[in-house]
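# Tertiary structure, described
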Amino acid sequence: WAGGEMTLDDGARAILLTGVYGAGKTSVAEEVAALLEERNPPFAAIDLDWLAWSNVAGSGHDGTTLLSANLAAVAANFRAAGARRFVLAGSVEDAATLDAIRHALAMPLLVVRIEVPLEVVEARLGRSPTSGRADDLATARAWFVARPGHGLEDAVLDGTAPLRDTATQVVRVAGWHEASSG
């Protein structure tokens, strides 16, 4: 596990699935959640892109301050309810954002980058009828050139494999494949 501030010693652990828009982070997180449901450890799945999406001043779709505050509250609520495994999905551009996520979680965090070729991203996002996905596709194309967030991950996985296979790899990388209760 990578660094992070531990303020509680309750065994809580988190995985952050990151990568460009269209890499399949949310879909993989959903499949990891399905695997965890089969094993029954207390867990929570959180989509970071949705957690801070607003139009309030200074927040933006990826507003780090709002994201951090919301994540801290949501994670604390899930923890109080008994969750000890956290599956997060979200694009992380820089170390400052990752540090804010780590601080908000206050538990060890494993960062897993989901990698796919640009053609896969174009196919996935190009099918979406929303204008927001067109914006995400433009951002993804720019990220393939600039490569923000690269080097922040602890592991890289192939996002073109079947979802169940990728999710199984995530669970193994996290060491959660043996988990059956907390």
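Up top is the structure.
Presented here is an overview of the structure given in this document.

About the criteria used
Counting restarts for each chain: residues are numbered from 1 in the order of the written sequence. With the structure being a predicted model, the display of local features is reserved for residues of pLDDT at least 70 and the display and counting of side-chain atom pairs for 80 or more, all residues being used for whole-chain, interface and lining totals. The basis for every side-chain value is the complete set of non-hydrogen atoms in the structure, without hydrogens or water. Every case where a carboxyl oxygen of Asp or Glu lies within 4 Å of a side-chain nitrogen of Lys or Arg is listed as a salt bridge. Secondary structure follows DSSP: runs of H or I at least 4 residues long count as helices, runs of E at least 2 residues long count as strands, and numbering of each begins at the N terminus. Remark: exposure states derive from per-residue accessible area (1.4 Å probe, protein chains only) relative to the maximum for the residue type, with buried under 20%, exposed over 50%, and partly exposed in between. A contact between two residues is defined here by any heavy atoms of the two lying within 4.5 Å. What is meant by a nonpolar core is a set of buried Ala, Val, Leu, Ile, Met, Phe, Trp, Tyr and Cys residues, joined one to another through side-chain atoms within 4.5 Å.

A few words now on the pattern of salt bridges. This model, assessed by the stated rule, comprises eight salt bridges. A salt bridge links arginine 164 to glutamate 38; the shortest N-O distance between them is 2.6 Å. You can see arginine 164 sitting in helix H7 (residues 163-174) and its partner glutamate 38 sitting in helix H1 (residues 25-39), a full 126 residues away along the chain. Residue arginine 164 is classed as partly exposed on the basis of its relative accessible area, which comes to 33%. Here glutamate 38 falls in the exposed class, since its relative accessible area comes to 52%. Here glutamate 153 makes a salt bridge to arginine 113, at a shortest N to O gap of 3.1 Å. Here arginine 113 lies in strand E4 (residues 109-115) and glutamate 153 lies in the loop between helix H6 (131-146) and strand E5 (155-158), a separation of 40 residues in the sequence. Each of Asp10, Arg79 and Arg84 takes part in one network of salt bridges that share partners.

Turning to the environment of alanine 33, a few remarks are in order. Relative to the assigned elements, alanine 33 resides in helix H1. Alanine 33 gets classed as buried once you look at its relative accessible area, which sits at 10%. Between the C-alpha atoms of alanine 33 and phenylalanine 86, which are 53 residues apart in sequence, the distance is 9.3 Å. With sequence-adjacent residues up to four places away left out, alanine 33 is seen in contact with Phe43 and Ala45.

So, about the nonpolar core. Membership of the largest hydrophobic core comes to 28 residues, with the highest contact counts inside it found for Leu17, Val32, Val112 and Val170. Breaking this core down by element, the ones donating at least two residues are strand E1 (13-18), H1, strand E3 (85-89), E4, helix H5 (118-126), H6, E5 and H7. A per-element tally of this core places H1 first, with five residues. The contact partners of valine 112, leaving out residues within four places of it in the chain, are Ile15, Leu16, Leu17, Thr18, Ala155, Leu157, Val170 and Val173. Judged by nonpolar contacts, the second largest core, of 22 residues, contains Ile46, Ala52, Leu105 and Val111.

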